[in-house]
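Results of the structural survey
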Amino acid sequence: MASEDVKTSETAVSTIVNLAEEAKLAREGVKAPSYAILSICKSLVAGGVAGGVSRTAVAPLERLKILLQVQNPHSIKYNGTIQGLKYIWRTEGFRGLFKGNGTNCARIVPNSAVKFFSYEQASKGILYLYQQQTGNEDAQLTPLLRLGAGACAGIIAMSATYPMDMVRGRLTVQTESSPYQYRGICHALATVLREEGPRALYRGWLPSVIGVIPYVGLNFSVYESLKDWLIKSKPFGLVEDSELSVTTRLACGAAAGTVGQTVAYPLDVIRRRMQMVGWKDAASVVTGDGRNRASLEYTGMIDAFRKTVRHEGFGALYKGLVPNSVKVVPSIAIAFVTYEVVKDILGVEIRISD
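The sections below set out a description of the structure shown in this document. (Residues numbered from 1 in each chain as written. Predicted model: local features only at pLDDT ≥ 70, side-chain atom pairs only at ≥ 80, totals over all residues. Heavy atoms only, no water.)

Another point: the packing of aromatic side chains. Counted by the stated rule, this structure contains 12 aromatic pairs. Measuring from ring centre to ring centre gives 5.2 Å for Phe 94 and Phe 98, while their planes differ by 45°; the resulting arrangement is tilted. You can call Phe 98 partly exposed: its relative accessible area is 29%. Taking the centre distance of 6.0 Å and the plane angle of 90° together, the rings of Phe 116 and Phe 336 count as edge-to-face. Of this pair, Phe 116 sits in helix 5 (residues 101-134) while Phe 336 sits in helix 12 (residues 321-346); the two residues are 220 residues apart in sequence, bridging distant segments of the chain. Phe 336 matches Phe 116 in its accessibility class, with the two residues each being buried. What links up through ring pairs into an aromatic cluster is the set Phe 116, Tyr 119, Phe 220, Tyr 223, Phe 336 and Tyr 339. (Phe/Tyr/Trp six-rings, centres within 6.5 Å; stacked < 30°, edge-to-face > 60°. Buried < 20%, exposed > 50% of the residue type's maximum accessible area, 1.4 Å probe, protein only. Helix = DSSP H or I, 4+ residues; strand = E, 2+ residues; numbered from the N terminus.)

Structure follows, in structure tokens:
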């Protein structure tokens, strides 16, 4: 009996100690490994859903933008946003407006998931280093530090999903009158690997990474800085109980996307053109028809810039900017708001930045 009482007492003491340790960890904000993994998964899901919803909503404008970027200057088929959308509808029907969107979502869902998650982690790491350097534990991220965190997130997400982006560009450019070399995502990936080699899947990666630094960096930096400024200054009665309305957050996201895409757009044009290099059966929208067929050979990013400007003028670097601007306003806004809504539904206790 005595030994049983001792064992019972030891068990009780052990339970109390474990409960005390768990309470201590909870007070210190330390999460159990299983909770941390679940939180990471929920965050990735929220980011992925946000990317898929926002991109599908603007898929017709996304396709038109790419067609405007890569079409041959001697054989113009798409001339402006309204005319371009009407032409696609007339020649390819409703499905033509969403051509390549499946591939796009297959790329953007993991891209968006990794981007949002990477930004959160980069923000926490940069904020910790900043607080240690300044000796101020109450220090907050500055717009420049947010820009750095966004740039890190953009580079990681772009590099992880770039082959899908490259294939998506080629699938999107195919039209009814062009040879259907690619039947789908897997077929396109296999064909490029077989005929052009693995390096072809990362053709145009450098201008993409250079472009994603200001684009994603400014998206997060402008969005978060605008929100902070509105909450602190409370202009025009836009803030209620230290919270921004959905409409105000949509406006912040639209402003952030507009600034980022305008700065990075020329690099996006060059990236698309470099992705078409090596495609022996390139769609006629790229190569032109008849005797006006143009060479698609670029030796690198600088050469692509030089040839584009020399043959088509500086304005060619902004081809497709109008449909892209129309696309960016709802796309970025929808992405941020959808992320926050899904995050709330899943019960993820995280913020876009600390």
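Text resumes after the structure shown.
Further remarks concern the side chain of Arg 55. Here Arg 55 lies in helix 2 (residues 33-57). For the buried Arg 55, no salt bridge is present, and the opposite-charge side chain at shortest range is Glu 62, 4.1 Å distant. Discounting chain neighbours no more than four positions away, the residues touching Arg 55 are Glu 62, Asn 101, Asn 104, Arg 107, Ile 108, Arg 168 and Ser 331. (Lys, Arg positive; Asp, Glu negative; His and termini not counted. Salt bridge = Lys/Arg side-chain N within 4 Å of Asp/Glu carboxyl O. Contact = heavy atoms within 4.5 Å.)

Bringing a nonpolar patch on the surface into the picture now. Among the surface-exposed residues, Tyr 202, Trp 205, Leu 206 and Ile 210 lie close enough to one another that they form a single nonpolar patch of about 350 Å² accessible area. Within the fold, Trp 205 resides in helix 8 (residues 205-233). (Patch = residues over 30% accessible without salt bridge, like charges linked within 9 Å, V, L, I, M, F, W, Y side chains within 5 Å. Areas by Shrake-Rupley, 256 points an atom, 1.4 Å probe, with all protein chains shown as cover.)

Where helix 6 (residues 143-173) meets helix 7 (residues 185-196), the closest approach of the two axes is 10 Å, and the angle between their N-to-C directions is 100°. Accordingly, the angle class assigned to the pair helix 6 and helix 7 is roughly perpendicular. Contacts from Pro 163, Met 164, Met 166, Val 167, Arg 170 and Leu 171 in helix 6 reach Ile 185, Ala 188, Leu 189, Val 192 and Glu 196 in helix 7. Each residue belonging to the contact of helix 6 with helix 7 can be placed in one class, and the counts come to 9 nonpolar, no polar and 2 charged. (Axes fitted to C-alpha atoms, helices over the stretch in contact; angles between N-to-C directions. Parallel < 35°, antiparallel > 145°, perpendicular 65-115°, else oblique. Nonpolar A, V, L, I, M, F, W, Y, C, P; charged D, E, K, R; others polar.)

Taking 1.5 Å of rise per residue, 29 residues should cover 42 Å, and helix 8 covers 41 Å from first to last C-alpha, within 8% of that figure. At Val 212, helix 8 shows its largest kink, close to 35°, and the proline Pro 214 lies no more than four residues downstream. Positive backbone phi, at 50°, marks Lys 234, one or two positions downstream of helix 8. (Expected span 1.5 Å × (residues − 1). Bend = angle between axes of the 7 residues up to and from the residue.)

Attention now goes to empty space enclosed by the protein. Summed over all chains, the structure comprises 2 cavities of 30 Å³ or more. Quantified by volume, the largest cavity comes out at close to 610 Å³. Elements represented by at least two residues in the lining of the largest cavity include exactly helix 2, helix 3 (59-70), helix 5, helix 6, helix 8, helix 9 (246-276) and helix 12. With 8 residues, helix 8 is the single largest residue contributor to the lining of the largest cavity. Counted as a void, the second largest cavity has a volume near 60 Å³. Around the second largest cavity, the lining residues are Ala 59, Glu 62, Arg 63, Leu 97, Phe 98, Lys 99, Gly 100, Asn 101, Asn 104, Arg 168 and Thr 172. The set of elements that each furnish at least two residues to the lining of the second largest cavity consists of helix 3, helix 5 and helix 6. Class assignment of the residues belonging to the lining of the second largest cavity gives a composition of 3 nonpolar, 4 polar and 4 charged. (1 Å grid on protein atoms, 1.4 Å probe; cavity = no way out; pocket = protein on both sides within 12 Å on 5 of 7 lines; lining within 4 Å. Points joined across faces, edges and corners; volume = space filled by probe spheres on them.)

What follows is about the pattern of salt bridges. Inspection of the entire model under this criterion finds 15 salt bridges. For Lys 319, the salt bridge goes to Glu 312, with nearest N and O atoms at 2.7 Å. Of the residues examined, Glu 312 reaches a relative accessible area of 24% and is grouped as partly exposed. Salt bridges sharing common partners tie together Glu 62, Lys 65, Asp 165, Asp 268, Arg 271 and Arg 272.

The next subject is the environment of Tyr 298. Within the element layout of this structure, Tyr 298 appears in the loop between helix 10 (284-287) and helix 11 (301-312). Of the residues examined, Tyr 298 reaches a relative accessible area of 17% and is grouped as buried. Those residues in contact with Tyr 298, other than ones at most four positions away along the chain, are Arg 273, Met 274, Val 277, Asp 303, Ala 304, Lys 307 and Thr 308.

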